[in-house]
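# Notes for the structure review
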Amino acid sequence: MSPPVAPPGWSRWLVPPAALSVHLSIGQAYAWSVFKPPLESALGLSGTQSALPFQLGIVMLGLSAAFGGTLVERNGPRWAMTVALLCFSSGFLLSALGASLEQYWMIVLGYGFVGGIGLGIGYISPVSTLIKWFPDRPGMATGIAIMGFGGGALIASPWSAQMLESFGSDSSGIALAFLVHGLSYAVFMLLGVLLVRVPRTEKPVESGPSVLAGPQVSAQQAIRTPQFWLLWIVLCMNVTAGIGILEKAAPMITDFFADTSTPVSVTAAAGFVALLSAANMAGRIGWSSTSDLIGRKNIYRVYLGVGALMYGLIALFGDSSKPLFVLCALVILSFYGGGFATVPAYLKDLFGTYQVGAIHGRLLTAWSTAGVLGPLIVNWIADRQEEAGRHGASLYGLSFVIMIGLLVVGFVANELVRPVDPRHHVPAPKEAAHVERQQSESA
């Protein structure tokens, strides 16, 4: 299922909307918390149990992106978007059946396992194609698409809440909401499947840089380079720091100001979560576009260095000033989103476009690791501190110090990144022949 090659005169600006249709859909994952309370009430689940579909979905995202990256490169974005559509929508339909029958294991299997595969394949599906269409502005191009994943919850969260209010929050209401999600997202993602195109030539932009300019490294060779593993550490540390706040945002801001004269209400805490989602989304396009101007290594210096500073300010002064706490958290979450959107362009700079989608997929195992590590650090330490009789901001002081240390580790890893040794490069004739064969197969 190779995508059709773009006809002469095809606008490259039609490709980002195709990518957005997929990323806005799979970005629903960040709105899973809307279903947690109804599931806990309807099926008698604990908070840990109700989080399992989301956790498994993030793990499967990283694993399917890693193992499916080469298939995405080989079969093209239309194939990948189709697989993502089938898995993500089927996951919801299977979850709907599970909720209807009150079989929670089916929800875990559907949303977490099957839907998680759709998350991973869908996440990486447009990356390589966008970079080939926008060799002059790869950071901006990937930022536009990946912005959708960060912003998907802004649509899905109120939509899901409204459906649960209309259908009811019992098992049958949850099942109907899952069913509507599965069918609606299938239609929306189909737009991307039909719209996506690959560039006709190696140089789709008039007077722009060639897609094949610079080093070209295969995915198999990339994982043998220190540059890949240094970027793995960079991404893992940046994501761990961001998701540590994101996963526990509402109770965290409530705890920080619980002992003050101006405690945070439940409504205000929910508003804080929405602000974090907006910062996550804005950072994906804003910071990744900035990386086209100042360079990928410099922008990660900002993410990691300034991020550590923000954590330090929260740890020292966060409980004395709500504006300071909120501002620092928003900056950290903008860096969290920006890190995701910038890393494909960083990979392109180091390894070229030859198999950048497959390399990106392998790198996303760092996300799976961080998705477990970040919440574990914050929640485990907070639980231990609470058991020791502490409360308020003191629940998080140690975890914030750890986050600062992790960001420093990421900063050092970024500083160690150097150009890839030529011995890892794909020979030019072989690479050119591969591209020519791909284009002829697509045609």
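Everything discussed here concerns the structure shown above.
Because the structure is a prediction, the values reported are computed rather than measured.

### So, the layout of surface pockets
Empty space within the largest pocket amounts to approximately 1,300 Å³. Lining the largest pocket are 41 residues, and of these Ser33, Lys36, Leu246, Glu247 and Lys248 sit closest to its centre. Among the elements of the structure, α2 (36–43), α3 (47–75), α7 (138–167), α10 (226–246), α11 (249–256), α12 (266–294) and α16 (365–387) are those that each provide at least two residues to the lining of the largest pocket. Sort the elements by how many residues they give to the lining of the largest pocket and α16 lands first, with eight residues. Its residues placed into classes, the lining of the largest pocket shows 25 nonpolar, eleven polar and five charged.

### What to know about the side chain of Thr342
On the secondary structure map, Thr342 appears in helix α14 (residues 322–351). Those residues in contact with Thr342 that sit more than four places away from it in its chain are Trp287, Ser288, Ser291, Arg296, Ile299, Tyr300 and Tyr303.

### Remarks on the pattern of salt bridges
Scanning the entire structure with this criterion turns up eight salt bridges. Of the charged contacts, one joins Arg296 and Asp292 as a salt bridge, the two residues approaching to 2.7 Å between their closest N and O atoms. Relative accessible area serves as the criterion here: at 24%, Asp292 is assigned to the partly exposed category. Looking at Arg296, the relative accessible area reads 9%, which means it is buried. Salt bridges sharing partners connect three or more residues here, namely Arg12, Asp136 and Arg137.

### Some thoughts on the packing of aromatic side chains
Scanning the entire structure with this criterion turns up 32 aromatic pairs. Ring centres of Phe35 and Phe178 lie 4.8 Å apart, and the angle between their planes is 35°; this geometry places the pair in the tilted category. On the criterion of sequence distance, the pair formed by Phe35 in the loop between α1 (15–26) and α2 and Phe178 in helix α8 (residues 171–195) is long-range, its members being 143 residues apart. No difference in accessibility class separates Phe35 from Phe178, as the two residues are buried. Ring geometry for Trp287 against Tyr303: centres 6.5 Å apart, planes inclined by 85°, an arrangement best described as edge-to-face. With Trp287 in helix α12 and Tyr303 in helix α13 (residues 296–317), the pair connects residues that are 16 residues apart, well separated along the chain.

Analysis parameters
- Residues numbered from 1 in each chain as written.
- Predicted model: local features only at pLDDT ≥ 70, side-chain atom pairs only at ≥ 80, totals over all residues.
- Heavy atoms only, no water.
- 1 Å grid on protein atoms, 1.4 Å probe; cavity = no way out; pocket = protein on both sides within 12 Å on 5 of 7 lines; lining within 4 Å.
- Points joined across faces, edges and corners; volume = space filled by probe spheres on them.
- Helix = DSSP H or I, 4+ residues; strand = E, 2+ residues; numbered from the N terminus.
- Nonpolar A, V, L, I, M, F, W, Y, C, P; charged D, E, K, R; others polar.
- Contact = heavy atoms within 4.5 Å.
- Salt bridge = Lys/Arg side-chain N within 4 Å of Asp/Glu carboxyl O.
- Buried < 20%, exposed > 50% of the residue type's maximum accessible area, 1.4 Å probe, protein only.
- Phe/Tyr/Trp six-rings, centres within 6.5 Å; stacked < 30°, edge-to-face > 60°.

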